[in-house]
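Report on the structure
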Amino acid sequence: MPTIRGLAGLVARTFSVVFVLLGIAVVAFLLMRLVPGDAVDALLGQGQRDPQTAETLRRVLGLDRSFPQQFADWSIALLHGDLGVSFRSHQPVVTEMLQRLPVTLELAVAALIVSLVVGLSLGVLSATRRNSWLDLTSRVVSLIGVSLPNFWLGIFLILIFSVYLRLLPSGGYVPLSENVVENLKFLAMPAVTLGVANAAVIMRLTRSALLEVLHTDYVRTAFAKGLNEQKVVRRHALRNALIPVITVVGIQVGSILGGAVIVEQVFSWPGLGTLVVTAVLNRDYPVVQGVTILLASFFVFSSLLVDLTYMYIDPRLRRA
């Protein structure tokens, strides 16, 4: 059971999330205001235009007020769960995000599965077969995976599997509810593109952590008792080796959602990434602010979930 000290630390960590989200809200508000350009210019164009029309539009959008006034109005609305209305589509930002969020989450979950399956499998094999050809091959592959940019890998996969082999579509999206097979075809390359770099990181960290654990006394004792290698690795070594890996996976949840912005552009994936890029180009402040807060919140709460998972995996943390 967690001690009072452990629970106090967990409560303090939870409250710190609130202050982090407040800081994110400030950054999200200032982000687009500091970028050259104006929402009115994006809507009306920068050519010849009626100054009266521009002033009226600025007043309707609330851009005629000072930054502190705009931030105060937006903050009050945010506390009530209102992220505003899109300048371009005139739809509530929450509605637009809810339409795109399932598509991005589908891609993120698929990429996370790819990174975990590939990374953990290669990491365990590489550690248990140290200095073998399998270990050397895995390390070279992981180095390549870390080095390749997402957009380059995505274009390379499109060139191979869509242009030359004609096995997979180059881009687009089919909902899972409409056609499972077609959905998987469209999902395959984006998920691999987004998951490869994370898989390489997980593989290298799993290998180094597992090698360290395999040389501890309790693992040698388990081997001395006659347990086979598979049981020792699965029941004793791997569980303790996963603690640093969980930290990286928690951070990667945020990086996967952030990397989805680029990958969705490469594969014409209609998720939050495509939405926020279009909003940035159109200076659609409410949409950019809403998506930024949403993605940052995923990152913050995934870090909090990592802390909770620590306490489950390592009993020593529950007594700290």
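Look a little higher up for the structure.
Right, let's walk through the structure included here.

Reading the values: the criteria
Residues numbered from 1 in each chain as written. Predicted model: local features only at pLDDT ≥ 70, side-chain atom pairs only at ≥ 80, totals over all residues. Heavy atoms only, no water. Salt bridge = Lys/Arg side-chain N within 4 Å of Asp/Glu carboxyl O. Buried < 20%, exposed > 50% of the residue type's maximum accessible area, 1.4 Å probe, protein only. Helix = DSSP H or I, 4+ residues; strand = E, 2+ residues; numbered from the N terminus. Axes fitted to C-alpha atoms, helices over the stretch in contact; angles between N-to-C directions. Parallel < 35°, antiparallel > 145°, perpendicular 65-115°, else oblique. Left-handed = near helix turned anticlockwise from the far one by under 90°. Contact = heavy atoms within 4.5 Å. Nonpolar A, V, L, I, M, F, W, Y, C, P; charged D, E, K, R; others polar.

Overview of the pattern of salt bridges
All told, the structure shown has 4 salt bridges when counted by the stated rule. Two residues, R65 and D73, come together in a salt bridge whose shortest N-O distance is 3.2 Å. For D73, a relative accessible area of 38% translates into the label partly exposed. For E182, the salt bridge identified is with K185, shortest N-O distance 3.6 Å. Within this pair, E182 and its partner K185 are both found in helix α8 (residues 180-214), separated by 3 residues, close to a single helical turn. Judged by relative accessible area, E182 falls into the partly exposed class, the value being 28%. What emerges from the salt-bridge pattern is a single network uniting D135, R139 and R207.

Quick look at the packing of helix α6 (residues 133-147) against α8
For the pair α6 and α8, interaxial distance at closest approach is 8 Å and the crossing angle is 135°. Considering the angle they form, α6 stands oblique to α8. In this structure, α6 meets α8 at a crossing whose hand is left-handed. Residues D135, S138, R139, S142, L143, G145 and V146 of α6 form the contact with α8, whose participating residues are V196, A197, A200, V201, M203, R204 and R207. Looking at the contact of α6 with α8 residue by residue, the class counts come to 7 nonpolar, 3 polar and 4 charged.

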